[in-house]
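Now for the letters of each chain:
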Amino acid sequence: MIILSVESTCDETAIALVKDGREVLTDQIFSSADLQAVYGGVVPELASRSHVEVIYQLTDRALAVAGIQRSDIDAVAVSFAPGLIGAVLVGVNFAKSVASALGVPLIPVHHIRGHMAANYLAYPQLTPPFVCLAISGGNSMIVDVRGYTDMEIIGATRDDAAGECFDKTARVLGLGYPGGKPVDQLSQGGDDTKYALPVSQVADHPYDMSFSGLKTAVINIVHHAEQTGEELDKASLCASFARAVSDSLVPRAIAAVKEKGYSKLVAAGGVAANSRIRADLERAAAENGIELFVPPLRLCGDNGAMVGAQAYYEYLAGNTAGSDLNAYANMELSEVCAKG
Ligand code: KG4
């Protein structure tokens, strides 16, 4: 089954062709991040306009690169939630039009389910059940993935997402947008014990997280240094920050796998590209006899292939939509069937 998949929830427009949920025929991605960088973050209206400008050409290019005719497409899938509503709407309307014109099923895919499914592309042997640590620009959660379309959030951030915190740290240090990669790179040469940063606990909710205190602590350190003229060791601040984020995420994810009695831990989302988090996950998984699956860097950020991978399993579960499909800024992972 060949699925044309559409991703437009933030500042990446992506069109992919995926066969049977596991084989990527092509994955075309255009990012408007350079345009957004001028403003220090994503301007939703600019992202939406950029999607409109490139989505048709990306689709033509995907078909040409994969050598696929329109008549070969068996279904069209789209990331329909969560995301910037104007941006998501572009992809949803485009996907609806293409599905209608081709007379093929339309498959709505939850964006975070897509991030998780990126691992099905990288690891053909991976099957549920597993615990997934899903960490992106807008979400940080620990998910009990019982089946391909049967999942439940068992822990989540109470405030900022981990990626948002990386981006704010980068901004206050003048490292540009998006901030995760430059903070990661600068942290390589730093001393991760130099700055004492908080790792929050949420009382009675062992898997919930909080990153706003950590963000504020970083901002206070930078402002204090500016006001007192003290020289800031940016590399060590980045290293201490990455360590604090990792210390919030990794032990919780490991504990969740053990509590559920599973043998597999899966990481997903843009922040899963972070070198400190990847190294800590590897070490902790090995120490606890857990099999770890972390996507290759190219599949951590937003892409269309991950949407096509999850779409295959949504289709098998009967989760298709009609032309009344809407876009949603927010949606729980387990709500998908109800609204799709
Ligand atoms: O998954 P993603 O591409 O988009 C969303 O669905 O949100 O994640 C983007 C986030 C941004 O906050 C970006 O700064 C962060 O992932 N990120 C990283 C790294 N690369 C990207 N964060 C930490 N370390 C990285 N190497």
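Small disclaimer: the values here were computed from a predicted structure and weren't measured.

**As for the site of the ligand**
Here is step 1: With respect to spatial proximity, 20 residues lie near the ligand, and among them His111, Gly137, Asp167, Gly180 and Gly270 are the closest.
Here is step 2: At a separation of 2.8 Å, an oxygen atom of the ligand approaches a polar side-chain atom of histidine 111.
Here is step 3: Between the ligand and the protein, one listed contact pairs an oxygen atom with a backbone N or O atom of glycine 138 at 3.5 Å.
Here is step 4: For the ligand, the accessible surface in isolation is 550 Å², of which the surrounding protein chains cover 86%.
Here is step 5: Elements with a contribution of two residues or more to the shell around the ligand: helix 4 (111-122), helix 5 (162-172) and helix 6 (180-187).
Here is step 6: Of the residues contributing to the shell around the ligand, the split by class is four nonpolar, twelve polar and four charged.

**Comments concerning the packing of aromatic side chains**
Here is step 1: Per the counting criterion, the structure on display carries nine aromatic pairs.
Here is step 2: For the ring pair tyrosine 120 and tyrosine 148, a centre distance of 5.1 Å and an interplane angle of 65° mean the geometry is edge-to-face. On the criterion of sequence distance, the pair formed by tyrosine 120 in helix 4 and tyrosine 148 in the loop between strand 7 (140-147) and strand 8 (150-156) is long-range, its members being 28 residues apart.
Here is step 3: Taking relative accessible area as the criterion, tyrosine 120 reaches 2% and is therefore assigned buried.
Here is step 4: Taken together, Tyr120, Phe130, Tyr148, Tyr312 and Tyr313 form an aromatic cluster joined through their ring pairs.

**With respect to the environment of threonine 228**
Here is step 1: As for its placement among the helices and strands, threonine 228 is situated in helix 7 (residues 212-228).
Here is step 2: Take threonine 228: its relative accessible area is 49%, and that puts it in the partly exposed class.
Here is step 3: The spatial distance from the C-alpha of threonine 228 to the C-alpha of alanine 87 is 43 Å, given a sequence separation of 141 residues.
Here is step 4: Within the structure, threonine 228 has its side chain in polar contact with the backbone oxygen of histidine 224 (distance 2.8 Å).

**Brief notes about the sheet that holds strand 10 (residues 291-293)**
Here is step 1: The sheet built from five strands is open, its strands ordered 8-7-6-9-10 with mixed pairing. This sheet does not close on itself; its edge strands, each paired only once, are strand 8 and strand 10. Neighbouring strand axes in the sheet, compared pairwise and without regard to direction, differ in orientation by 25° on average.
Here is step 2: As paired elements, strand 6 (residues 130-135) and strand 9 (residues 264-268) share four bridges and run parallel to each other. Among the inter-strand pairings, leucine 133 is bridged to a residue of strand 9, identified as alanine 267.
Here is step 3: Contacts from helix 4 reach strand 6, strand 7, strand 8, strand 9 and strand 10 within the one sheet, and its direction differs from that of strand 9 by about 120°.

Analysis parameters
Residues numbered from 1 in each chain as written. Predicted model: local features only at pLDDT ≥ 70, side-chain atom pairs only at ≥ 80, totals over all residues. Heavy atoms only, no water. Near = heavy atom within 4 Å. Polar contact = N/O pair within 3.5 Å; in protein donor to acceptor, adjacent residues only side chain to side chain. Areas by Shrake-Rupley, 256 points an atom, 1.4 Å probe, with all protein chains shown as cover. Helix = DSSP H or I, 4+ residues; strand = E, 2+ residues; numbered from the N terminus. Nonpolar A, V, L, I, M, F, W, Y, C, P; charged D, E, K, R; others polar. Phe/Tyr/Trp six-rings, centres within 6.5 Å; stacked < 30°, edge-to-face > 60°. Buried < 20%, exposed > 50% of the residue type's maximum accessible area, 1.4 Å probe, protein only. Pairing = 2+ DSSP bridges. Axes fitted to C-alpha atoms, helices over the stretch in contact; angles between N-to-C directions. Contact = heavy atoms within 4.5 Å.

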